[in-house]
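Tertiary structure, described
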Amino acid sequence: MLIRTPFPHEPQPSEITPRSVYLNRRSALAGLGLAAASPLALAQGGAPGGGKLAKLPGARSALAGAMVLDKPTAYADAASYNNFYEFGTDKSDPAERAHTLKTRPWTVVVEGECAKPGRYDIDALLKLSAQEERIYRLRCVEGWSMVIPWVGYSLSELIKRAEPTGKAKFVEFTTLADRAQMPGLRSGVLDWPYVEALRMDEAMHPLALLTFGMYGEVLPNQNGAPVRIVLPWKYGFKSAKSIVKIRFVEKQPRSSWEQSAPQEYGFYSNVNPNVPHPRWSQATERRIGEDGLFAKKRPTLMFNGYEAQVGQLYAGMDLKRFY
Ligand code: MTE
């Protein structure tokens, strides 16, 4: 994500793959003796993780659209190039600083317009439904994308258990905001806590993943441990990390980015190559790690390639207005 800047002549973020990422990836991969996983490696048992975190395997999902064929991003890249402003605004900050995040004990509160609110201990939440592995693309509004084998289960599994009432039109996600653990909270870059929200039918869509792991292991802190949302058809900022509260509400909530820059970051934030961000095009993207500094960017797909699955949710909506 980006904060509005007064320097419009600067190169767009989507045009730069930081040298550190490029070099880091090479040295990390060389050190591990790994290359990004091939489809064959995937078929044989998944993309390799970092090897340092607890295992969290998931059965291959049978859901349509849940397993894209693109080559997964190398773990070293996915875990070192992150947006998690609670730990700083540089892409390398979360990996360097998020070790201060305590992921146990951890409770997720489910409340608001529902018949069965609850407080879920993270380990109980993890076991609430069968873990699946799903290989999703994640595209950031800044112009980069990754392909990650996530592990979790459909958010709808949890929502159904809460029995939302007829008044529940939206689901709001609130993430941890603890100054003792998160050095980035000292900055006023956003109003903390980080809040995101979905329309109820979006949240109930089977592709919306309540995510506990990636690459067969629990999430690294910098990727949103111990639990986050992943919404493959929306820009990355909708996928809130380190969630502590899920609330059913009647009125459309204001998400953190909408609050801080409403002209740039709308509520829907569906990946849409035809609707440019006010300061740059969204028509192309750079795949982190895979594309070299001077490689051609790849075209961005409508709804990030998940149009067949989610297009119906937005039938009849003016997607320029509801960006
Ligand atoms: N969640 C919280 N709590 N804080 C954040 O700053 N950044 C968002 C999203 N979730 C963010 C967050 C943005 S802008 C993106 S692109 C994705 O997380 C990045 O997820 P990744 O680091 O796993 O790639």
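Cut-offs used in this document
Residues numbered from 1 in each chain as written. Predicted model: local features only at pLDDT ≥ 70, side-chain atom pairs only at ≥ 80, totals over all residues. Heavy atoms only, no water. UniProt positions renumbered as here; feature names shortened; annotations may be inferred. Helix = DSSP H or I, 4+ residues; strand = E, 2+ residues; numbered from the N terminus. Buried < 20%, exposed > 50% of the residue type's maximum accessible area, 1.4 Å probe, protein only. Contact = heavy atoms within 4.5 Å. Areas by Shrake-Rupley, 256 points an atom, 1.4 Å probe, with all protein chains shown as cover. Near = heavy atom within 4 Å. Polar contact = N/O pair within 3.5 Å; in protein donor to acceptor, adjacent residues only side chain to side chain. Nonpolar A, V, L, I, M, F, W, Y, C, P; charged D, E, K, R; others polar. Pairing = 2+ DSSP bridges. Axes fitted to C-alpha atoms, helices over the stretch in contact; angles between N-to-C directions.

The protein chain carries the name Protein-methionine-sulfoxide reductase catalytic subunit MsrP in an unreviewed UniProt entry, which gives Pelomonas parva as its organism. On record in UniProt, under Subunit (unreviewed entry), the comment for the protein chain is "Heterodimer of a catalytic subunit (MsrP) and a heme-binding subunit (MsrQ)."

**Points about the overall build of the protein chain**
Along its length, the protein chain carries nine helices and 13 strands. Out of the 323 residues in the protein chain, the part that is buried amounts to 55%. Sequence separation of 24 or more characterises 73% of the internal contacts of the protein chain that already satisfy a separation of 6 or more. For the protein chain, the exposed surface amounts to about 14,100 Å²; the carbon and sulfur share of it is 55%.

**Some details on the site of the ligand**
Surveying the vicinity of the ligand reveals 17 residues, the closest of which are Met1, Tyr85, Glu86, Arg228 and Lys241. A distance of 3.0 Å is found between an oxygen atom of the ligand and a side-chain nitrogen or oxygen belonging to asparagine 223. In this structure, an oxygen atom belonging to the ligand sits 2.7 Å away from a side-chain N or O atom of arginine 228. Considering the ligand on its own, with 530 Å² of exposed area, one finds that the protein chains cover 100% of that surface. A breakdown of the residues in the shell around the ligand according to their chemical character gives eight nonpolar, six polar and three charged.

**Describing the sheet that holds strand E3 (residues 118–121)**
Strand pairing in a sheet relies on backbone hydrogen bonds, with the paired strands running either antiparallel or parallel. Sheet architecture is open: five strands sit in the order E3-E2-E11-E6-E7, paired in mixed fashion. Unpaired on one side and paired on the other, E3 and strand E7 (195–199) mark the two borders of the sheet. Across the sheet, the mean angle separating the axes of adjacent strands is 15 degrees when strand polarity is ignored. Of the pairings in the sheet, the one linking strand E2 (residues 107–112) to E3 comprises four bridges and is antiparallel in character. From the neighbouring strand, valine 108 faces E3, where its bridge partner is tyrosine 120. Its contacts with the sheet place helix H6 (residues 155–162) against E2, E3, strand E6 (170–175) and strand E11 (243–249), and it is angled at close to 55 degrees to E11.

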